[in-house]
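Each chain is listed here by its residues.
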Amino acid sequence: MPLSIDSIIERLGGPEAAARLTGVGTEAVRKWRQAKAIPSRHWPAVTAATGLTMNDLITAPAEPTTMPISTDTPPDGATAALILADGSVFWGRGFGAHTSAANPVGEVCFSTGMTGYQETLTDPSFAGQIITFTFPHIGNVGTNIEDIEAQTIAARGLIVKQDITEPSNWRSAQTLDHWVRAQGITGIAGVDTRSLTIRIRDGGAPTGVLAYPQDGRFDLDALKAQATAWPGLEGMDLAKDVTCRQTYEWDETTWAWPEGFGRQTAPRFHVVAVDYGAKRNILRCLAAAGCKVTVVPATATPEDILRHNPDGVFLSNGPGDPAATGEYAVPAIKAVLDSGVPLFGICLGHQLLGLALGAKTYKLDRGHRGANQPVKDLATGKVEITSQNHGFAVDAETLPKGARSSHVSLFDGSNEGIAVDGKPVFSVQYHPEASPGPSDSHHLFHRFVSLMDERAKPK
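Position labels on residues start from 1 in each chain and follow its written sequence. Since the coordinates come from a predicted model, pLDDT governs what is reported: local features require at least 70, and pairs of side-chain atoms require 80 or more to be given and counted, while whole-chain, interface and lining totals use all residues. Where side-chain values are given, they derive from all heavy atoms of the structure, hydrogens and water being excluded.

### Re helix 14 (residues 348–357)
Part 1 of the reasoning: Most of helix 14 is tucked away: ten of the ten residues are buried.
Part 2 of the reasoning: Three exposure classes are used, based on accessible area relative to the maximum for each residue type with a 1.4 Å probe and protein chains only: buried under 20%, partly exposed in between, and exposed over 50%. Secondary structure elements are defined from DSSP: runs of H or I of at least 4 residues count as helices, runs of E of at least 2 residues count as strands, and each element is numbered from the N terminus. Residues of helix 14 that are buried include every one of Leu348, Gly349, His350, Gln351, Leu352, Leu353, Gly354, Leu355, Ala356 and Leu357, and no others.
Part 3 of the reasoning: Of the residues trailing helix 14, Gly358 is marked for its positive phi of about 110°.

### Observations concerning helix 15 (residues 443–456)
Part 1 of the reasoning: The first and last C-alpha atoms of helix 15 sit 20 Å apart over 14 residues, in line with the 20 Å expected at 1.5 Å per residue.
Part 2 of the reasoning: Considered for burial, the residues of helix 15 that qualify are Leu444, Phe445, Phe448, Val449 and Met452. Projected down its long axis, helix 15 carries its buried residues within an arc of 150°, all on one side.
Part 3 of the reasoning: The contact criterion used throughout is that any non-hydrogen atoms of two residues lie within 4.5 Å. Residues of helix 15 that are buried sit in contact with strand 11 (269–275), helix 11 (280–288), strand 12 (291–297), strand 13 (312–315), strand 14 (343–346) and strand 19 (425–428). What a helix should span is 1.5 Å times the count of its residues minus one. An arc is given here, and it is the one of the directions from the helix axis to the C-beta atoms.

### A short note on the nonpolar core
Part 1 of the reasoning: Ranked by internal contacts, the top residues of the largest apolar core, which has 32 residues, are Tyr276, Ile305, Ile333 and Leu343.
Part 2 of the reasoning: Secondary-structure elements contributing two or more residues to this core are strand 11, strand 13, helix 13 (322–339), helix 14 and strand 18 (415–420).
Part 3 of the reasoning: Residue contributions to this core peak at seven residues, all from helix 13.
Part 4 of the reasoning: In this structure, Leu343 is in contact with Val313, Leu315, Ile333, Val336, Leu337, Leu353, Pro424, Val425, Phe426 and Phe448, ignoring residues within four places of it in sequence. What is meant by a nonpolar core is a set of buried Ala, Val, Leu, Ile, Met, Phe, Trp, Tyr and Cys residues, joined one to another through side-chain atoms within 4.5 Å.

### A closer look at the sheet that holds strand 11
Part 1 of the reasoning: Ordered by their spatial adjacency, ten strands build an open sheet running 8-12-11-13-14-19-18-17-15-16, and the pairing between neighbours is mixed. The two strands at the open ends of the sheet, each matched to only one other strand, are strand 8 (248–250) and strand 16 (383–394). Mean inter-strand twist for the sheet, computed between neighbouring axes without regard to direction, equals 25°.
Part 2 of the reasoning: Lines fitted to the C-alpha atoms define the axes, with helices restricted to the stretch that makes contact. Angles between their N-to-C directions range from 0 to 180 degrees. Sitting on the sheet, helix 11 is in contact with strand 8, strand 11, strand 12, strand 13 and strand 14, with an inclination near 145° to strand 12. At least two bridges found by DSSP between two strands are what make those strands a pair.

### A short note on the pairing of strand 10 (residues 260–263)
Part 1 of the reasoning: Alignment of strand 9 (residues 252–256) against strand 10, held across three bridges, turns out to be antiparallel. Among the inter-strand pairings, Trp255 is bridged to a residue of strand 10, identified as Phe261.
Part 2 of the reasoning: Linkage of strand 9 to strand 10, two consecutive antiparallel strands, is achieved through a turn of three residues.

### Comments concerning the pattern of salt bridges
Part 1 of the reasoning: For this document, the term salt bridge refers to a Lys or Arg side-chain nitrogen within 4 Å of an Asp or Glu carboxyl oxygen. Tallied over the full model, the rule gives 15 salt bridges.
Part 2 of the reasoning: Ionic pairing is found between Arg268 and Asp453, a salt bridge with its closest N-O pair at 3.2 Å. A residue pair is termed long-range when its members are at least 10 positions apart, and Arg268 in the loop between strand 10 and strand 11 and Asp453 in helix 15 qualify at 185 residues.
Part 3 of the reasoning: Lys279 serves as the salt-bridge partner of Glu433, at 2.8 Å between the closest nitrogen and oxygen. You can see Glu433 sitting in the loop between strand 19 and helix 15 and its partner Lys279 sitting in the loop between strand 11 and helix 11, a full 154 residues away along the chain. Each member of the pair, Glu433 as well as Lys279, is classed as buried.

### A word on the pairing of strand 14
Part 1 of the reasoning: Both faces of strand 14 are covered, namely the face carrying Leu343 and Gly345 and the face carrying Phe344 and Ile346.
Part 2 of the reasoning: The parallel pair strand 13 and strand 14, bridged by helix 13, forms a crossover whose chirality is right-handed.
Part 3 of the reasoning: The sheet contact formed by strand 14 and strand 19 spans four bridges and is parallel. Its bridge partner being in strand 19, Phe344 is matched across the sheet by Phe426. With its strands directed away from the observer, a crossover is right-handed exactly when the path from the first strand over the helix to the second travels clockwise.

### Here's the deal with unusual backbone geometry
Part 1 of the reasoning: With an omega of 0°, the peptide bond between Trp257 and Pro258 qualifies as cis.
Part 2 of the reasoning: Relative to the helices and strands, Pro258 is located in the loop between strand 9 and strand 10.
Part 3 of the reasoning: The phi dihedral of Asn309 is positive, around 50°, even though this residue is not glycine.
Part 4 of the reasoning: A positive phi angle, close to 60°, is found at Cys347, a residue other than glycine.
Part 5 of the reasoning: With respect to the helices, strands and loops of the structure, Cys347 is situated in the loop between strand 14 and helix 14.

### Digging into the environment of Ala335
Part 1 of the reasoning: Residue position: Ala335 is located in helix 13.
Part 2 of the reasoning: Separated by 86 residues in the primary sequence, Ala335 and Asp421 place their C-alpha atoms 18 Å from one another.
Part 3 of the reasoning: Other than its neighbours up to four places away in sequence, Ala335 contacts Pro302 and Leu306.

Given below as structure tokens:
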């Protein structure tokens, strides 16, 4: 008859001895107890140390990793909950920071990326959102100080299926649990993320609130009221919350093995990047393409931008409703358009360019978030596999004469790019600095440089 996991660990001399013997951390031993199973790769070491047989180690099937939905009483083992505005309750196991009266509330979305959870969490475009990761192995490579897109986590919380495991990666400096806890971010594991994702896919992104109380008490009525009261992202300007506070210079280039990040010491062009929530890797790609980059806040005026005498202007990604941010961003963009300086926009920058040209934007039902998004270049007919993170889109039907849709999503036909006839102006909805293809879209940075080069040539 199989022995209990506790009995086997006791025979090994306790958790510390079991960890040393099998070459894992004590956190992994805790996971054995939680899963009521020892991974088979450790069986030879365990049998040699204890004299047990393989039959002693074979356990019953593990209990389900996910918890029930929509019960008013916390099930056994539940320490956290996700409460949606419609009253649905997803129970789970909390990690990261405990919540207080000011529980994190936001739009619950899903991301289909299989890698890059640290980059996703720090992407400023996720401000105001609670992220459901569809890939189950979140946290398995830990965290480090390089794989971040901003200094702090922009997302309001995260939802995962499986418990955070001990990291297995040579670059890991800290567990995901410890990293999010240090930044005051709450996570919930044990959620049926497939069910939640289907719900978002079919019904749109709902408002939700995360609760991970230290005392284990849940006031579900109050939590439901908090979720219901949140106004949603439409009409919300979040760029002001994530933008830089003052102008600064950027010269760091992209990461390469084995040197790491480089420095741009001989730039050919000077680019002013308007920071609506810029990802660091976008700035690195501009620097790597031969640009000196001056970053200015989202609220920069036309004078703030053009006084640098830039060779080009870049409009960054960012969160929130573009129509709300456009109240102060559009006048500045129109002035840049009038100046004739080459202009390149990504994500929110693409949407703001659309507004400046006279188009309209609208909120997508569920948004595009992940690293597997196919986009067709209408000029070449080529399809790029892109990384995306947006909940709003430009209405291509409202683009004025002289501006055209250059790219289209093969998922839903929504606009993914704009080009302006006769002007050095273009934008894309997706993220060419990312590497889902892995380099399908990197050419866009060189296209931007080519426009600056063309403008600099003697006439």
